[in-house]
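Residues per chain are reported as follows:
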Amino acid sequence: MPRQDDLPAVICLMGPTATGKTDLALDLHARSSSRLDIISVDSAMVYRGMDIGTAKPDPAVRARVPHALVDIRDPAEAYSAADFARDARALIADSRAAGRIPLLVGGTMLYYRALLQGFSSLPAADPAFRAALEAEAAQKGWPALHDRLGAVDPVIAERLHPNDAQRIQRALEVYQLTGRPLGEQQIGPATEPLPGPVVRIGIAPERRDWLHDRIARRFAAMMDGGLVEEVAALLARGDLHRDLPAMRAVGYRQVWDWLEGNLPEDDVIYRGVVATRQFARRQLTWLRRETGIRWVSADDAAVQNTLRAQLADVID
């Protein structure tokens, strides 16, 4: 059994949406003589049939450079942070055993936390309690349940958007079933932290307007590139609904609401861009709380060179 210090480092390319992480990862892969194994850290890219709205690398790119943990679930299925941590740990172990370097790329910060810090063993879902919460939310709205969560679990409530139905529901459920806040239970993980060295790279812009412009242009390109048709195909399946984790992904929710007649056509792009900006802000807030980050400016014209310099001690 190798000592932890002898294990190859795991590289984490972390950052908000639309900052070019995928392109940077592909550049690193090409310049490292393909010694890197790319592992996606994205809670939407795991779903098959959700390609355009997730900015998923196209099949030709993935045929040339494999991306693990992409297209591994049907949109009707759940995929948790604990699922990701288990899957990613197995892939990292395989990569290290082959003498290669795992490169984790994505912006789902909860996934990183579960993988790197460990996660608690939490109770299984309680369908009856969830149904009661959903009925209450239908009457009062999820912000009201977010307020209730703030009274019993302020640590988790502070991290969640007032309309993040899935996570508000789960946090209230855990409190109901265990009598302890989810925030407290995550402080002492039941699994060990990921062994071996980890290099965290934070990809973030210096200028907010740069990111806002990127988000607006990318969402418009998604709409032009077939996002509406992609969501329509998902809606036509008949077994999916708007409250599934997959359908809560930014962009998909807004187009879904429009197709169901709950959102004016003129508002789709505006709402999608606003939702993506809010998502990026939450990602940045979480990332800035991390320690040991090596920062790289996404809006720097020399970002590729800067990133390679930051990783010279790991890759070269």
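Residues numbered from 1 in each chain as written. Predicted model: local features only at pLDDT ≥ 70, side-chain atom pairs only at ≥ 80, totals over all residues. Heavy atoms only, no water.

1. What to know about the overall build of the chain
Phase 1 of the analysis: When you go through the chain residue by residue, the secondary structure sums to 15 helices and 6 strands.
Phase 2 of the analysis: In summary, the chain has a C-alpha radius of gyration of 20 Å against a globular reference of 20 Å for 316 residues, a match within 12%.
Phase 3 of the analysis: Principal axes of the C-alpha set define a box for the chain whose edges measure 60 × 45 × 35 Å.
Phase 4 of the analysis: By residue count, 48% of the 316 residues in the chain fall in the buried class. (Helix = DSSP H or I, 4+ residues; strand = E, 2+ residues; numbered from the N terminus. Rg over C-alpha atoms; globule rule 2.2 N^0.38 Å. Buried < 20%, exposed > 50% of the residue type's maximum accessible area, 1.4 Å probe, protein only.)

2. Section: the pairing of strand β4 (residues 101–106)
Phase 1 of the analysis: Burial analysis of β4 places 6 of its 6 residues in the buried class, which makes it a mostly covered element.
Phase 2 of the analysis: Burial along β4 is two-sided: Ile101, Leu103 and Val105 and Pro102, Leu104 and Gly106, pointing in opposite directions, are all buried.
Phase 3 of the analysis: Two strands pair when backbone bridges link them, and strand β1 (residues 10–14) and β4 are joined in this way by 4 bridges, in the parallel orientation. Within β4, the residue paired with cysteine 12 across the bridge is leucine 104. (Pairing = 2+ DSSP bridges.)

3. Quick notes on the pairing of β1
Phase 1 of the analysis: Counting buried residues along β1, 5 of its 5 residues qualify, which places the element largely inside the surrounding structure.
Phase 2 of the analysis: Going residue by residue along β1, you find Val10, Cys12 and Met14 tucked away on one face and Ile11 and Leu13 tucked away on the opposite face as well.
Phase 3 of the analysis: By the bridge criterion, 5 bridges tie β1 to strand β5 (residues 198–204) in an arrangement that is parallel. Looking across to β5, one finds that leucine 13 is bridged to isoleucine 201.

4. Here we look at the environment of tyrosine 252
Phase 1 of the analysis: Inspection of the secondary structure puts tyrosine 252 in helix α12 (residues 252–259).
Phase 2 of the analysis: Separated by 211 residues in sequence, tyrosine 252 and valine 41 have C-alpha atoms that sit 19 Å apart.
Phase 3 of the analysis: A polar atom in the side chain of tyrosine 252 sits 3.1 Å from the backbone nitrogen of glycine 53. (Polar contact = N/O pair within 3.5 Å; in protein donor to acceptor, adjacent residues only side chain to side chain.)

5. Regarding the packing of α12 against helix α13 (residues 268–288)
Geometry of a packed helix pair, given as the angle between the helix axes and the separation of the axes.
Phase 1 of the analysis: Contact geometry for α12 and α13: axes closest at 8 Å, N-to-C directions at 155°. Classed by the angle they form, the pair α12 and α13 counts as roughly antiparallel. Like other packed secondary-structure pairs, α12 and α13 cross with a definite hand, here right-handed. Taking contact as the criterion, the partners of Gln254, Val255 and Trp258 in α12 are, on α13, Val268, Arg271, Gly272 and Ala275.
Phase 2 of the analysis: Residues belonging to the contact of α12 with α13 are distributed by class as follows: 4 nonpolar, 2 polar and 1 charged. (Axes fitted to C-alpha atoms, helices over the stretch in contact; angles between N-to-C directions. Parallel < 35°, antiparallel > 145°, perpendicular 65-115°, else oblique. Left-handed = near helix turned anticlockwise from the far one by under 90°. Contact = heavy atoms within 4.5 Å. Nonpolar A, V, L, I, M, F, W, Y, C, P; charged D, E, K, R; others polar.)

6. With respect to the nonpolar core
For soluble globular proteins, nonpolar side chains are generally found buried alongside one another.
Phase 1 of the analysis: One finds Ile11, Leu13, Leu103, Leu104, Ile201, Leu307 and Leu311 to be the most contacted residues of the largest nonpolar core, which totals 79 residues.
Phase 2 of the analysis: Leave out the neighbours within four places in its chain, and leucine 13 touches Lys21, Leu24, Ala25, Leu103, Leu104, Val105, Gly106, Tyr112, Ile201, Ile203 and Leu307.
Phase 3 of the analysis: Ranked by size, the runner-up nonpolar core spans 15 residues in total, among them Phe129, Leu133, Leu145 and Val174. (Core = buried A, V, L, I, M, F, W, Y, C linked by side-chain atoms within 4.5 Å.)

7. Points about helix α1 (residues 21–31)
Phase 1 of the analysis: Within α1, the full set of buried residues consists of Lys21, Leu24, Ala25, Leu26, Asp27, Leu28 and His29.
Phase 2 of the analysis: Just downstream of α1 lies serine 33, where phi reads positive at about 55°.

8. Re the pattern of salt bridges
Phase 1 of the analysis: In this structure the tally under the stated criterion is 21 salt bridges.
Phase 2 of the analysis: Note that aspartate 209 is salt-bridged to arginine 207, the shortest N-O span being 3.6 Å.
Phase 3 of the analysis: Look at aspartate 209 and you get exposed, because its relative accessible area is 52%.
Phase 4 of the analysis: Residue class for arginine 207 comes out partly exposed when judged on its relative accessible area of 40%.
Phase 5 of the analysis: Through salt bridges with shared partners, one network takes in Asp51, Lys56, Arg62 and Asp71. (Salt bridge = Lys/Arg side-chain N within 4 Å of Asp/Glu carboxyl O.)

9. Quick notes on the sheet that holds β4
Phase 1 of the analysis: Taken together, the 6 strands give an open sheet; going across it, the order is β3-β2-β4-β1-β5-β6, and neighbouring strands pair in parallel fashion. Looking at strand neighbours, the two that pair on one side only are β3 (67–68) and β6 (293–297), the edges of this open sheet.
Phase 2 of the analysis: One ladder, built from 5 bridges, connects strand β2 (residues 36–40) with β4; its direction is parallel. The residue bridging serine 40 from the neighbouring strand is valine 105, located in β4.

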